[in-house]
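Observations on chain architecture
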Amino acid sequence: MSPNPPPNADHELVERTLREAQEAMRRLQEAQEAVLRVTGSGESADGLVHATSDGRGGITGLSLDPRAKRLGGQDLGKEVVTALQAAQQDAERQTAAIVGEALDDTAAMPEPLDETHVRDRIEQAARELLEG
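Residues numbered from 1 in each chain as written. Predicted model: local features only at pLDDT ≥ 70, side-chain atom pairs only at ≥ 80, totals over all residues. Heavy atoms only, no water.

Points about the packing of helix H1 (residues 9–37) against helix H2 (residues 73–107)
Interaxial distance between H1 and H2 falls to 9 Å at its minimum, and their mutual angle equals 180°. In terms of orientation, H1 lies roughly antiparallel with respect to H2. Listed contacts from H2 to Ala24, Arg27, Leu28, Ala31, Ala34 and Val35 of H1 are Thr95, Ile98, Val99, Ala102, Asp105 and Thr106. Class assignment of the residues belonging to the contact of H1 with H2 gives a composition of eight nonpolar, two polar and two charged. (Axes fitted to C-alpha atoms, helices over the stretch in contact; angles between N-to-C directions. Helix = DSSP H or I, 4+ residues; strand = E, 2+ residues; numbered from the N terminus. Parallel < 35°, antiparallel > 145°, perpendicular 65-115°, else oblique. Contact = heavy atoms within 4.5 Å. Nonpolar A, V, L, I, M, F, W, Y, C, P; charged D, E, K, R; others polar.)

Quick word on the sheet that holds strand E1 (residues 39–43)
In space, the three strands of this open sheet follow the order E1-E2-E3, with antiparallel pairing throughout. Edge positions in the open sheet fall to E1 and strand E3 (59–64), since each of these has one partner strand only. Sheet twist, expressed as the average angle between the axes of neighbouring strands with direction ignored, equals 15°. Relative to strand E2 (residues 49–54), E1 runs antiparallel, the two being bridged by five bridges. Residue Gly40 lies in a different strand from E2, and its bridge partner there is Ser53. Here H2 sits on the sheet and contacts E1, E2 and E3; the angle it forms with E1, its principal contact strand, is near 150°. (Pairing = 2+ DSSP bridges.)

A short note on the environment of Arg27
Looking at the element boundaries, Arg27 is found in helix H1. Sequence separation between Arg27 and Thr106 is 79 residues, and the spatial gap between their C-alpha atoms is 8.2 Å. When near neighbours in sequence (up to four residues on either side) are disregarded, Arg27 contacts Asp105 and Thr106.

Here we look at a nonpolar patch on the surface
Taken together, the side chains of Met25, Leu28, Val99 and Leu103 present a nonpolar region at the surface, about 350 Å² in accessible area. For the nonpolar patch, the secondary-structure elements that each account for two or more residues are H1 and H2. Look at Met25 and you get exposed, because its relative accessible area is 56%. (Patch = residues over 30% accessible without salt bridge, like charges linked within 9 Å, V, L, I, M, F, W, Y side chains within 5 Å. Areas by Shrake-Rupley, 256 points an atom, 1.4 Å probe, with all protein chains shown as cover. Salt bridge = Lys/Arg side-chain N within 4 Å of Asp/Glu carboxyl O. Buried < 20%, exposed > 50% of the residue type's maximum accessible area, 1.4 Å probe, protein only.)

Spelled out as structure tokens, the structure:
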């Protein structure tokens with residue numbers, strides 16, 4: 001026979017679960033805001049092209065050193081692509097770290113209450129009535 005839970009155990013469990021869910025939602029909101037602030041940066045191998053990217057991979061900046069004018073069109077195109085990809089990869093790494101941390105925080109949440117919990121409590125109350 002299982003021991004009787006404290007009188008307010010179910011209420012306390014629901015309250016604790018609600019608080020933890022609210023805290024998890026707050027942390028996820030903070031993570032979402034942090035992703036919006038991410039700025040990835042990258043540059044070409046020769047350092048003549050610099051690019052920036054946001055947390056969703058969008059390009060937010062591109063600058064060319066005046067010496068880049070000496071490059072041919074195809075070479076300049078390659079340098080631009082390299083810088084853009086590096087910026088997007090940097091932003092992706094930062095975003096993945098933010099999201100990973102947020103998911104780790106929420107992984108500790110208790111399992112949601114389900115019909116099994118309610119059924120167990122009803123059965124326990126019925127046994128107590130029969131024994132009483």
